[in-house]
Amino acid sequence: MDSDDIAPIAILMDELRSEDVQLRLNAIHSIPTIALALGPDRARDELVPFLQDSIDDEDEVLLALAEELGRNFEQYIGGSEYAHLLLAPLENLSSVEETLVRDKAAESITKIAAVLSNAQIEEYCIPLLKRLSGAEWFTSRTSSAALYPAVYDRVPTAIQDDLRKGYAALGSDDTPMVRRAAAKWLGPLLLKFSDPHILSDALPIYRRLESDDQDSVRLLTVEDLIAIAGKLKQSEIKEQLLKQIRHSISDKSWRLAKAVGKEITREELIGQYVQLLKDNEAEVRTAASSQIPGFSELLEKEVILARIVPCVRDLSQDSSQHVRAALAMQISGLAPLLGRESTIEHLLPLFLQLLKDDFPEVRLNIISKLEIVNNVIGIELLSENLLPAIVELAEDKSWRVRQAIIEYIPPLAKQLGKPFFDEQLGNLCMSWLGDTVYSIREAAIVNLKNLTDVFGVDWSRSAIVPKVMGMGQHPNYLFRMTTVQAITIIMPSLNLDIVRSEIIESLLQLASDPIPNIRFNVAKSLEVLLSAYGNTSEGEAFVQQRILPVLEQQKNDQDADVRYFAARALQKVAVAT
């Protein structure tokens, strides 16, 4: 064997002995390349055993190793036929102290199990699972819980019986971390159980975990309850789970309601849910508020009006801003469930109230979902009732609220129509171009482009372009800068005729502005113009006559940035020709 044959492994060994963590990390990430250089036989015989012994390292290196072995690494060692060889190093990694490493190792074992045959699962995975489940250290037992769902339905009935007993042992383990893992993975596992075993095996494990003395264990059993409810008949849910359902109503209540069905939701859960909406703890009211539309989908309209809407009314005046913010994000979801008349009567006043809330996030959340309301009650009523509030929010002291209003304008404009928009919101849209916050000016420019796309170039020619170009003469350089940036964004949505007759003269004047930032932004704008219009014969002539002389002049500007952007634009012309 010559030195070239030894080199890949030797280099890897040297780099993994390095004191530099980054070098060791790079070495681990290079193992697919090394395996490729070695070939399948040597990768199996030399590289995999070496990696199996390489678990005495920093956590981030071990995490990278666990990840690499799960990235289809079997293709480097001869395919799925030999994939089981990767289980040994991953088994070692499943037992280390760091949770992230163990979780990644378990995830990679699951991926490898997916490519193994049923015979390989039985021969290699089941012994591994039993070793981890019965290990002395809790870390191994914790990792084992994640592996049960991956193999359970791939083995004969007799082994499945053993696996159910093994998992029950994890659910009764002395260590809370193991029981927590058992609670986390019970849901995915029981989906693989046959119906009789849900009642005979899954339910006892669930009940043990649901009554655990550790909050962190009990919290994870809500997902298990949802999974079990999904596998049982309505009569079985009533008989077996009502007590647990009442205990488990929480911030996942709408998913639980969906799992147990409408009848049980109406009979058993609605009272519990209303209590959560009225809970003394603001955190509980916040969580419950975030579930309002999802839970209400399972109720009749009359029940929503009688039981949910009164709570919503109270929550809209809640003393906690976080509760009001959660409600504002979700309240519009009730509109499709209640229909037009009930929305107008019961929800519209609450929208108006929340739009005037003192807390910016509340106003922001209401604005972001107005389109849902519009689809139910129609633009006419929305504009009549909410437009004054929207106009007021356009000057809100929170720039994030102003930005949200700007982003809502194009869909609103589409529904309002040109005449109404010009009368009510046209001046408002232009006023944002002079906002003191750059993000607002930037959003306002994008807004004008979107409005051009909505109303067309003729509208833009008369309503937008003259006002934007007029700002180019302003003594304040920020206004002149906004003109250049606005034209750069809007120009591709216009046509050459408008650019030639309404824009280019003022834009070229700004090419010699005393402020360098404006000059190089003009160069960038001219580059956009070249891309948009330089590919037609008419546009090419226009570029040659009007644009190139200015860019040539800017190429010799005293400012380096101006010279750079002018040269870049000219290079684009050269490439095109």
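Computed from a predicted structure; not experimentally measured.

(A) Representation of empty space enclosed by the protein. In this structure the tally under the stated criterion is 1 cavity of 30 Å³ or more. Estimates place the volume of the largest cavity at around 50 Å³. Lining the largest cavity, in full, are I109, A113, C125, L128, L129, L147, A150 and V151. Elements with a contribution of two residues or more to the lining of the largest cavity: helix 7 (99-115), helix 8 (118-133) and helix 10 (148-151). Looking at which element gives the most residues to the lining of the largest cavity, the answer is helix 8, with 3 residues. Of the residues assigned to the lining of the largest cavity, the class counts are 8 nonpolar, no polar and no charged.

(B) Structural view of the packing of helix 8 against helix 9 (residues 138-145). Where helix 8 meets helix 9, the closest approach of the two axes is 7 Å, and the angle between their N-to-C directions is 135 degrees. In terms of orientation, helix 8 lies oblique with respect to helix 9. In contact with L129, L132 and S133 of helix 8, helix 9 contributes S140, R141 and S144. Looking at the contact of helix 8 with helix 9, its residues break down into 2 nonpolar, 3 polar and 1 charged.

(C) Structural context of the environment of L348. Tracing the backbone through its elements, the reader meets L348 in helix 22 (residues 335-355). Residues L348 and S319, spaced 29 residues apart in sequence, show a C-alpha to C-alpha distance of 21 Å.

(D) Summary view of the layout of surface pockets. Its boundaries defined by the atoms lining it, the largest pocket holds a volume of some 370 Å³. Together, 17 residues line the largest pocket, and D103, A146, A181, K184 and W185 are the ones closest to its centre. Within the residue set of the lining of the largest pocket, elements represented by two or more residues are helix 7, helix 9, helix 10 and helix 12 (176-190). With 6 residues, the top contributor of residues to the lining of the largest pocket is helix 7.

(E) A look at the pattern of salt bridges. Inspection of the entire model under this criterion finds 27 salt bridges. Across the pair D153 and K192 runs a salt bridge whose closest N-O atoms are separated by 3.9 Å. In this pair, D153 sits in the loop between helix 10 and helix 11 (157-171) while K192 sits in the loop between helix 12 and helix 13 (195-210), placing the two residues 39 residues apart along the sequence. Exposure remark for D153: the relative accessible area of 42% places this residue in the partly exposed category. For K192, a relative accessible area of 33% corresponds to the partly exposed category. The structure contains a network of salt bridges with shared partners spanning R179, R208, D212 and D213.

(F) Focus on the side chain of E527. Of note, E527 is situated in helix 34 (residues 516-533). Among the polar contacts listed, one links the side chain of E527 to the side chain of R568, at a separation of 3.0 Å. Filtering out sequence-adjacent residues up to four positions away, E527 remains in contact with F565, R568, A569 and K572.

(G) Seen up close, the side chain of T139. Relative to the assigned elements, T139 resides in helix 9. Overall, T139 belongs to the buried group, its relative accessible area being 6%.

Thresholds applied
Residues numbered from 1 in each chain as written. Predicted model: local features only at pLDDT ≥ 70, side-chain atom pairs only at ≥ 80, totals over all residues. Heavy atoms only, no water. 1 Å grid on protein atoms, 1.4 Å probe; cavity = no way out; pocket = protein on both sides within 12 Å on 5 of 7 lines; lining within 4 Å. Points joined across faces, edges and corners; volume = space filled by probe spheres on them. Helix = DSSP H or I, 4+ residues; strand = E, 2+ residues; numbered from the N terminus. Nonpolar A, V, L, I, M, F, W, Y, C, P; charged D, E, K, R; others polar. Axes fitted to C-alpha atoms, helices over the stretch in contact; angles between N-to-C directions. Parallel < 35°, antiparallel > 145°, perpendicular 65-115°, else oblique. Contact = heavy atoms within 4.5 Å. Salt bridge = Lys/Arg side-chain N within 4 Å of Asp/Glu carboxyl O. Buried < 20%, exposed > 50% of the residue type's maximum accessible area, 1.4 Å probe, protein only. Polar contact = N/O pair within 3.5 Å; in protein donor to acceptor, adjacent residues only side chain to side chain.

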